[in-house]
Amino acid sequence: MYSLIPVLCVRDIMSLIRALPGSAAQGLIWGIMAIGVFLTFKILDFADLTVDGTLGTGGAVTVMLILAGYPPVVAVAAAMVAGILAGVITGILHTVLGIPAILSGILTQISLYSINLNIAQGKANQAVSVDAYNLIVSGRDNTHTIIIVAAIIVVIIAVLYWFFGTEVGFTIRATGCNENMSRAQGINTSVAKVIALGFSNGLVGFSGGILSQYQGNFDVNMGRGAIVIGLASVIIGEVIGESIFGKKLNFSGRLAFVAIGSIIYYVVIQFVLWLGLPTIDMKLFSAIVVAIFLAVPYLKGKSKNSYKKAAKGGA
Amino acid sequence: MLEINNIYKTFNLGTINEKKALNGADIKLEEGDFITVIGGNGAGKSTMLNAIAGVWPIDSGSIVIDGNDVTGLPEHKRAPYLGRVFQDPMNGTAATMEIQENLALAARRGQRRGLKWGITKSERTHYRELLRTLDLGLEDRMTSKVGLLSGGQRQALTLLMATLKKPKLLLLDEHTAALDPKTAAKVLELSDKIIAENNLTAFMVTHNMRDAIVHGNRLIMMNEGRVILDIKGAEKKKLTVEDLLQKFEEVSGEEFDNDKALLG
């Protein structure tokens, strides 16, 4: 009886370790989405909730096109275009129609729920089997997925590094930092915002396209809570990147750490599930993690500079 | 160089907060004019400057810069003509971008921006030389984020950015008001130097009557959204703060009587 416990433990740890490649693969795929979130949240200073809908749009477009006989590569390219369109619509709601940023994102996100169902011909779930189609990635082969997606991320980071070094890239960075100054320098800040939102959601749609192939289906709820996962990855990546490299981390390094943050997020999720957290509590757990990470910098600043401390005479 | 023709602007029209900010303001600037603008709170100084910059559209009248009617142009489309320095030092620069990147943004004011590099190697050398002229040691911190600079340093940088591409008109909106007296004096001195060296046409709003007298070749006073006093050349050189205060009372007093007469 007693000798059984260590055996169980060993088997348990093995099950965790066996799950790691899957976590890493999923983390990388979501990492593409998280890089999209980074563009809006960190560079444009725009909390874009469109992404919850865009991820599903990418999945729906990809699965339906593959089922219609298009090559998977064409399908994910279309998913990216669909994502760009979604981002542009949020941008137009915000800049042309003057709707606050968060609400613009929510409106697009909600409308995408219907649109995604329409794309999927009214079904909440559409399967695409790796046996029947030559998919780019699949949950059955995690090693292959990790290599392919890691290579894609390298390309994405390279393209973004180039883009944000161009004149147009500069206008987006300036707009996210100081709109008054940007306009005074002749930058059309509305255009800059729309471009950034398009770029960001294009990546999210692309990520949804890859994810749907990985999991072998489109699900209408696949994007629910995506923004939280994206923010978690951005913040975890930032904290870890800065703790290793300090403030010296350059732009491509920061992007790479967003993807790494996403992997860590999935490994942590896997770990807490292994510890016995019920699956239904996962989103609650994610939200709490993000809330803590967002609160820490604020509370840290406050503890250094607080009324309580002042009352004690700075002691 | 600049023609402001009888412009009107009312904020919050039809509400209890209705405010006639510009009430037939009218002024012409010649090329090379360095004009200082004074007036009490709510006189319309900054409003006039914002009207020129196109922060919002005016209700009536017209604004012509160097022969181009810009009345119908939004803010970013007027930027090619204008260099601007704001009251708040945080406002004129992008804090999360490097010093050299901020300069590169300013160097492209009024140009079409495409997919060429946002900053080139030859630009960097040029900026280093320019920053050296500020004598603030910024030439050795070109890759530092602007957010790390002090208010005075940021204002000096903004001034450099505003004039990097020679503007038709330089707009200075109480640009030393948020600085300590010593830094304010330094930034004003720098403004004078840059304006003189580049022979710029400039429009400087200030709260400080002494500054308004000492700097520039022309002084206007605003009250209730109108230009009530315009002093140039030799007459301005002789001006003292006392003169100005007296004139202010004279002119605004007259205004008051006129209003009373109208109401009566």
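Provided above is the structure to which this section pertains.
Residues numbered from 1 in each chain as written. Chains lettered and ligands numbered in written order. Predicted model: local features only at pLDDT ≥ 70, side-chain atom pairs only at ≥ 80, totals over all residues. Heavy atoms only, no water.

Looking at the overall build of chain B
Piece 1. Along chain B, the regular secondary structure elements total nine helices and 10 strands.
Piece 2. At 19 Å, chain B has a C-alpha radius of gyration in line with the 18 Å of a compact globule built from 264 residues.
Piece 3. Once the C-alpha set of chain B is aligned to its principal axes, its extents read approximately 70 × 40 × 35 Å.
Piece 4. In chain B, which comprises 264 residues, the share counted as buried stands at 51%.
Piece 5. Taking contacts inside chain B between residues at least 6 apart in sequence as the whole, the part at least 24 apart equals 66%.
Piece 6. Split by element, the accessible area of chain B, about 12500 Å² in all, is 50% carbon and sulfur.
Piece 7. The average position of the 35 basic charges and that of the 36 acidic charges among the side chains of chain B differ by 8 Å. (Helix = DSSP H or I, 4+ residues; strand = E, 2+ residues; numbered from the N terminus. Rg over C-alpha atoms; globule rule 2.2 N^0.38 Å. Buried < 20%, exposed > 50% of the residue type's maximum accessible area, 1.4 Å probe, protein only. Contact = heavy atoms within 4.5 Å. Areas by Shrake-Rupley, 256 points an atom, 1.4 Å probe, with all protein chains shown as cover. Lys, Arg positive; Asp, Glu negative; His and termini not counted. Charge placed at Lys NZ, Arg CZ, Asp CG, Glu CD.)

Here we look at the sheet that holds strand β3 (residues 34-39) of chain B
All names here are of chain B.
Piece 1. Taken together, six strands build an open sheet; the order of strands is β6-β7-β8-β3-β9-β10 and the sheet is mixed. Each having just a single partner strand, β6 (82-85) and β10 (226-232) make up the two edges of the open sheet. Each strand axis lies, on average, 20° off the axis of its neighbour in the sheet, ignoring direction.
Piece 2. Relative to strand β7 (residues 169-173), helix α1 (residues 45-53) is tilted by about 145°, and along the sheet it contacts β3, β6, β7, β8 (202-205), β9 (218-223) and β10.
Piece 3. Lying over the sheet, helix α5 (residues 151-164) contacts β6 and β7, oriented at roughly 175° with respect to β6. (Pairing = 2+ DSSP bridges. Axes fitted to C-alpha atoms, helices over the stretch in contact; angles between N-to-C directions.)

Comments concerning the packing of aromatic side chains
Residue and element names in this part refer to chain A.
Piece 1. For the structure on display, the rule yields 10 aromatic pairs over all chains.
Piece 2. Ring geometry for F245 versus F257: centroids 5.9 Å apart, planes at 70°, classification edge-to-face. Taken together, the residues span a long stretch of sequence, with F245 in helix α9 (residues 226-245) and F257 in helix α10 (residues 251-275) at a distance of 12 residues.
Piece 3. F245 sits in the partly exposed class, given a relative accessible area of 46%.
Piece 4. Cluster of aromatic residues (ring-pair linked, three or more members): F38, W162, F163, F164, F199 and F251.
Piece 5. The side chain of R173 reaches across the aromatic face of F170, ending 5.2 Å from its centre. (Phe/Tyr/Trp six-rings, centres within 6.5 Å; stacked < 30°, edge-to-face > 60°. Lys NZ or Arg CZ within 6 Å of the ring centre and 35° of its normal.)

Describing the interface of chain A and chain B
Reports often express the size of an interface as the amount of accessible area lost when the parts come together.
Piece 1. In this assembly, 20 residues from chain A lie in contact with 30 residues from chain B.
Piece 2. At the boundary of chain A with chain B, total buried surface from both sides reaches about 2200 Å², with 61% on carbon and sulfur atoms.
Piece 3. At the junction of chain A and chain B, the tally comes to three salt bridges.
Piece 4. Salt-bridge contacts for B:E75 lead to A:R183; the nearest nitrogen and oxygen are separated by 2.9 Å.
Piece 5. For the interface between chain A and chain B, the tally reads 13 residue pairs in polar contact (both at pLDDT 80 or more). (Buried area = accessible area lost by both parts, 1.4 Å probe. Salt bridge = Lys/Arg side-chain N within 4 Å of Asp/Glu carboxyl O. Polar contact = N/O pair within 3.5 Å; in protein donor to acceptor, adjacent residues only side chain to side chain.)

Structural notes on the pattern of salt bridges
Residues and elements named next belong to chain A.
Piece 1. Under the criterion given, the structure shown has 15 salt bridges over all chains.
Piece 2. R183 is paired through a salt bridge with E179; the nearest N and O atoms lie 3.4 Å apart. Within this pair, R183 and its partner E179 are both found in helix α7 (residues 179-184), separated by four residues, close to a single helical turn.
Piece 3. Note on R183: relative accessible area 23%, which makes it partly exposed.
Piece 4. Under the relative-accessibility criterion, E179 is labelled partly exposed at 29%.

Remarks on the nonpolar core
Piece 1. Membership of the largest hydrophobic core comes to 67 residues, with the highest contact counts inside it found for A:I35 and A:L160.
Piece 2. Mapped onto this core, the elements with two or more residues apiece are α1 (4-44), α2 (51-67), α3 (72-95), α5 (142-163), α6 (167-177), α8 (189-215), α9 and α10 of chain A.
Piece 3. Considering every element that reaches this core, the biggest residue donor is α1(A), with 13 residues.
Piece 4. With residues up to four places along the chain from it excluded, the contact list for A:L160 reads A:I35, A:L39, A:F199, A:L203, A:F251 and A:L255.
Piece 5. Counting residues in hydrophobic clusters, the runner-up holds 40 residues, among them A:I187, B:Y127, B:A184 and B:I195. (Core = buried A, V, L, I, M, F, W, Y, C linked by side-chain atoms within 4.5 Å.)

So, the pairing of β3(B)
All names here are of chain B.
Piece 1. For β3, the tally of buried residues reaches six of six residues, placing the bulk of the element in the interior.
Piece 2. Side-chain alternation along β3 places F34, T36 and I38 on one buried face and I35, V37 and G39 on a second face that is also buried.
Piece 3. Examined bridge by bridge, β3 and β8 share four bridges and lie parallel to one another. Looking at β8, one finds that F34 is bridged to A202.

Describing the pairing of β8(B)
All names here are of chain B.
Piece 1. By the alternation rule, side chains of β8 split into A202 and M204 and F203 and V205, which are all buried.
Piece 2. Of the strand pairs in this sheet, β7 and β8 are connected by four bridges, and their pairing is parallel. Paired with L172 across the bridge in β8 is M204.
Piece 3. At this point the chain moves from β7, through helix α6 (residues 181-198), to the parallel β8, and the crossover so formed is right-handed. (Right-handed = clockwise from strand over helix to strand, strands pointing away.)

Notes on the sheet that holds strand β1 (residues 2-11) of chain B
Residue and element names in this part refer to chain B.
Piece 1. In spatial order, the strands read β2-β1-β4-β5; together these four strands make up an open sheet with antiparallel pairing. Two strands close off the open sheet at either side, each with one partner strand: β2 (19-29) and β5 (68-69).
Piece 2. Against the sheet, α1 makes contact with β1, β2 and β4 (60-65), and its axis sits at roughly 70° relative to β2, the strand it touches most.

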